[in-house]
Amino acid sequence: MNLSITDKEFYAGLQQLPKPQYPFPDFSHPDMLLQREEYYHWIDKEYAFHTKEAREKHKRHHLTDIAARGCPFLKSIAELRPLANYTANGAMMDDYFDRCTREEMYGIMQRIMVLLSGEDPVEPAENGIFHLFWVLRKDAIQCGIPERIYRRFVRSIQDVLMGYSEEKVYYRTNSIPPLPVYLLIREATSGVQPYCDYVVLQKDYRQLPDGIFDHPHIRRIYTLCSLMIGIHNDLISLPKELHRKGDTMNLVKVLQHEDQLSLQEAYMKALEIHDQYLKEFLTLQNHLPPFGDWQNEVYNYIQDLGVMVAGVYAWHTNDTSRYVNGGYVEGEFSGLE
């Protein structure tokens, strides 16, 4: 991407521009560093097909810290492990399959789903991305995740993978989607809906009736969480994505293209949209429908969704290696055999 003089000045001063701010406390799981050590082991064992350079970059990204910050109240590392697996394996596979086709990604999704659902219970013969998803299901069973919650979690992972598939259309053609299309795809590719499902495992939220999670009021809060995290990721990853052909699924780029804005104008408009979503989240939290005896528990669950959003943002702001020019891992996938 060629930057104008004005945009070069913007890029140089990017760190000085306003950033998202959340009114939620920031916590981390007590086993975050222990989970990080397991993450290093996963990379060495399951990602041996990656180049050494790619593996070392992934280690510096500390991707499992996202899970430890997003769900800090899980009772044990055993409960943290499946979410950490989804987070790290999902992000690393997204990097690896970066330039695959839409059709190839749908095929990959189908293979992952039969493993996560247990439709194919056979352990994959080789280590790698698919084997690590098989391990996720095994770990979820071992730590006693209720089946109804696990099914929601897996269904949400499927939606994330569908989003990964659909964004390939724009990545491979180096084209920028219209804003409504961006919002639909980004809600999925932010990867947040599985987190909303997993927050239920904290404290006593697993006792909440299924109907509460399906209520339109709560579903809208899930959408807001997904979009807030997707947008703040876009703002933080902008320095990386300004340099890479095909990185078009970024709200700043979408707004710049759609409204003919400068980078700084588009950045500030993206931040404004984010802040509108945050305001809506707080309004919905403070004006919940009547849930009877579950009212306080639902309010606290929504509060911990806010903690989740703040926790993921804390990882984004603490990481200094993934979202900088040259810090990311280039896609090494060369096509299905």
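Shown above is the structure to which this text applies.
Residues numbered from 1 in each chain as written. Predicted model: local features only at pLDDT ≥ 70, side-chain atom pairs only at ≥ 80, totals over all residues. Heavy atoms only, no water.

K.L.:
Help me understand the overall build of the protein, please; the structure alone is not making it clear to me.
P.N.:
Of regular secondary structure, the protein possesses 15 helices and zero strands. Here the protein has a C-alpha radius of gyration of 19 Å; the compact-globule value for 337 residues is 20 Å, and the two agree. The C-alpha extent of the protein, read off along each of the three principal axes, is 55 × 50 × 35 Å. Expressed as a percentage of the 337 residues in the protein, the buried residues total 58%. In the protein, the share of contacts with a sequence separation of at least 24, taken over all contacts with a separation of at least 6, comes to 77%. Roughly 14,500 Å² of accessible area belongs to the protein as shown, and the carbon and sulfur atoms make up 51% of that amount. Side-chain charges of the protein comprise 35 positive and 47 negative groups, with the mean position of each set lying 2 Å from the other. (Helix = DSSP H or I, 4+ residues; strand = E, 2+ residues; numbered from the N terminus. Rg over C-alpha atoms; globule rule 2.2 N^0.38 Å. Buried < 20%, exposed > 50% of the residue type's maximum accessible area, 1.4 Å probe, protein only. Contact = heavy atoms within 4.5 Å. Areas by Shrake-Rupley, 256 points an atom, 1.4 Å probe, with all protein chains shown as cover. Lys, Arg positive; Asp, Glu negative; His and termini not counted. Charge placed at Lys NZ, Arg CZ, Asp CG, Glu CD.)

K.L.:
Which parts of the structure should I look at to understand the packing of aromatic side chains?
P.N.:
Aromatic ring pairs are reported here in terms of the distance separating the ring centres and the angle at which the planes meet. Under the criterion given, the structure shown has 13 aromatic pairs. Relative to Tyr313, the ring of Tyr22 has its centre 5.4 Å away and its plane inclined at 75 degrees; by these criteria the two rings are edge-to-face. With a gap of 291 residues between them, Tyr22 in the loop between α1 (5–12) and α2 (32–46) and Tyr313 in helix α15 (residues 295–318) connect regions that are remote in the sequence. Arranged with centres 5.8 Å apart and planes meeting at 80 degrees, the rings of Tyr86 and Phe153 form a pair that is edge-to-face. With a gap of 67 residues between them, Tyr86 in helix α5 (residues 77–96) and Phe153 in helix α8 (residues 147–173) connect regions that are remote in the sequence. (Phe/Tyr/Trp six-rings, centres within 6.5 Å; stacked < 30°, edge-to-face > 60°.)

K.L.:
Any chance you could explain the pattern of salt bridges here in plain terms?
P.N.:
Once the charged atoms of two side chains with opposite charge are near each other, the side chains can pair. Inspection of the entire model under this criterion finds 21 salt bridges. Note that Glu53 is salt-bridged to Lys57, the shortest N-O span being 3.8 Å. Placement of the pair is Glu53 and Lys57 together in helix α3 (residues 52–61), with a separation of four residues, close to one helical turn. When its relative accessible area of 13% is taken as the criterion, Lys57 is described as buried. Through salt bridges that share partners, Asp44, Glu56 and Lys59 make up one connected network. (Salt bridge = Lys/Arg side-chain N within 4 Å of Asp/Glu carboxyl O.)

K.L.:
How should helix α13 (residues 251–259) be read in this particular structure?
P.N.:
Residues separated by three or four positions in an α-helix point in the same direction, a consequence of the helix having 3.6 residues per turn. Turning to α13, its buried residues number three or more, namely Leu251, Val252, Lys253, Val254, Leu255 and Gln256. The opening residue of α13, the one whose side-chain oxygen lies 2.9 Å from the backbone nitrogen of Val252, is Asn250. Immediately downstream of α13, the backbone of Gln260 shows phi near 55 degrees, a positive value. (Polar contact = N/O pair within 3.5 Å; in protein donor to acceptor, adjacent residues only side chain to side chain.)

K.L.:
Would you take a moment to explain the environment of Thr101 for this structure?
P.N.:
Structurally, Thr101 is set in the loop between α5 and α6 (102–117). Residue Thr101 is classed as buried on the basis of its relative accessible area, which comes to 18%. Residues Thr101 and Ser237 lie 136 residues apart in sequence; the distance between their C-alpha atoms is 23 Å. Ignoring sequence-local partners within four residues, the contact set of Thr101 consists of Lys168 and Arg172.

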